[in-house]
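The lines below spell out each chain.
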Amino acid sequence: MSKKTRQVIKLIFDLIQNKQRFFLWTGIRFISSFIPLITIYLFSKTINLVEVKSDFSAIFFLILIVFTIRIIDNFTRIKSVAKLDECISDISFDIHNHFINDIKTETKLERHQSIQIIRNFTDATTWTLKLLRQPGIDSIVSLIAIPVILLFVDFRIFILEIVFITIYFFIDRYTTQHYIAFKDLQDTKTESYYAKLHETNDVDLEQKTFSRHFSRLCNWFFTEWFTLQNTAVFFYTLIFAYLIMSVSNGTKLISELVLIMTYITSTQTYLNSFSEIKDSLADMSVSVDHLAKNKSITAIDFEDLV
C-alpha cells in the first residue's frame, strides 16, 4: 500500500464521528469471514466419508455441523453488513459536513464545481467502504488463510498458489497505475460537466469531452480485467490438470481435489475483489487530490498529501 493511500485512509478515519460503532461491526465482520473457510473443509470431509463408505450416522452428524455453521455464518455476516451499511451512510454525512461547511466561493459556478468534487470524493469513499465490508474483509482473510491451509495439504499446490497471487498482484499494480491517470482526467471532466449543467442546458461540448474520456476509461477496464482473468485461468487450469493426474494415479482422493479446487476458485474470486478495492482506493486518491487542489475548499491541504 502506497504512502498516499495510507494518508487517504487516515483522513477517512479521522472524519468518522462514531468510530467505536464502526470498528465493533468491522470486527464482527472479520470473525464471520473465517466461517466459509471452515465450511469448505467440512464439505470436503463429508465427501471423503462418502468415498470411504463411512457409517451414515457420522455423515449425518457432519452435515448437521455444516448446517449449524452456515446458519451462524448467515446471521453474523448479514447482521454486520447491515450495521456497517448504517455506519457508511453516517460517514458520508461526516464527509459532507466537514468539507461543505468550509467552502468559500465567489460564484455559483465555483460552488457547483466544488460541491461536485466533494460528491466525487464521498461517492468513492462510500463505494470503497462498501467493497471492504463485503467482500473486501473476506478477501483479506482468505488470501492470507488459504495459502497457509494449502501448505499443509499439498506443498506443490502451495507454491503454485503463491506464484499465482504474486503475479496477479504485480499485474494489478501496473494496471492500477494506468487506471489512475485515466480516472484523474475523467473526474475533471465530470466536475466541469455538472458545474456547467447547473447553469445552462448548453453542455454539448462538455458531454462530448466527458464521453470521450469515459470511453478511454472503459477500454482500459477491458484491458486490465482481461489480463487479470486470463492469468487466473492459466493457474486454475494448471492446478486442475495436476490434481486430475494425481487422482488418476491414485495419489489423491476426489475429496482432496474438491477441497483444493474450491480454495483455488475462491482465491480467484477474492483476488478479483481485491482488484476492485484497489481501483476504488485509486478513485479515492484521485478525488482527494481534486479536493486538495480546489481553492474554494480549505479543509484539506494539498501539501499534506504529497
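Note that this is a predicted model, so its numbers are computed, not measured.

This next bit is on the packing of aromatic side chains. Across all of its chains, the model carries 17 aromatic pairs by this definition. Taken together, the aromatic side chains of Phe-164, Tyr-168, Phe-234 and Phe-235 make up a single cluster linked through ring pairs.

Let us look at unusual backbone geometry. Leave glycine aside and you will find that most residues have negative phi; peptide bonds, for their part, are mostly trans. The omega angle of the peptide bond from Gln-134 to Pro-135 is 10 degrees, so this bond is cis rather than trans. Of note in this structure, Lys-53 is not a glycine but carries a positive phi near 55 degrees. Here Lys-53 lies in the loop between α3 (35-51) and α4 (56-100). Residue class for Lys-53 comes out exposed when judged on its relative accessible area of 73%.

Attention now moves to the pattern of salt bridges. Within the structure shown, the criterion is met by 11 salt bridges. One salt bridge in this structure joins Lys-10 and Asp-14, with 3.1 Å as the shortest N-O distance. Remark: Asp-14 and Lys-10 occur in helix α1 (residues 3-15); sequence separation between them is 4 residues, near one turn of the helix. Note on Lys-10: relative accessible area 52%, which makes it exposed. Using a relative accessible area of 47% as the deciding quantity, one classes Asp-14 as partly exposed. For the salt bridge of Glu-206 with Lys-196, the shortest nitrogen-to-oxygen distance reads 3.4 Å. Taken together, the residues span a long stretch of sequence, with Glu-206 in helix α7 (residues 204-248) and Lys-196 in helix α6 (residues 155-197) at a distance of 10 residues. Of the residues examined, Lys-196 reaches a relative accessible area of 28% and is grouped as partly exposed. Where salt bridges share partners, they join Arg-21, Glu-86 and Asp-90 into one cluster.

With that settled, consider the confidence of the model for the protein chain. Across the protein chain, pLDDT averages 90, with 97% of residues at or above 70. For the protein chain, α1 is the element with the lowest average pLDDT, namely 84, and helix α2 (residues 19-32) is the one with the highest, namely 96.

Analysis parameters
Residues numbered from 1 in each chain as written. Predicted model: local features only at pLDDT ≥ 70, side-chain atom pairs only at ≥ 80, totals over all residues. Heavy atoms only, no water. Phe/Tyr/Trp six-rings, centres within 6.5 Å; stacked < 30°, edge-to-face > 60°. Helix = DSSP H or I, 4+ residues; strand = E, 2+ residues; numbered from the N terminus. Buried < 20%, exposed > 50% of the residue type's maximum accessible area, 1.4 Å probe, protein only. Salt bridge = Lys/Arg side-chain N within 4 Å of Asp/Glu carboxyl O. pLDDT = per-residue confidence, 0-100.

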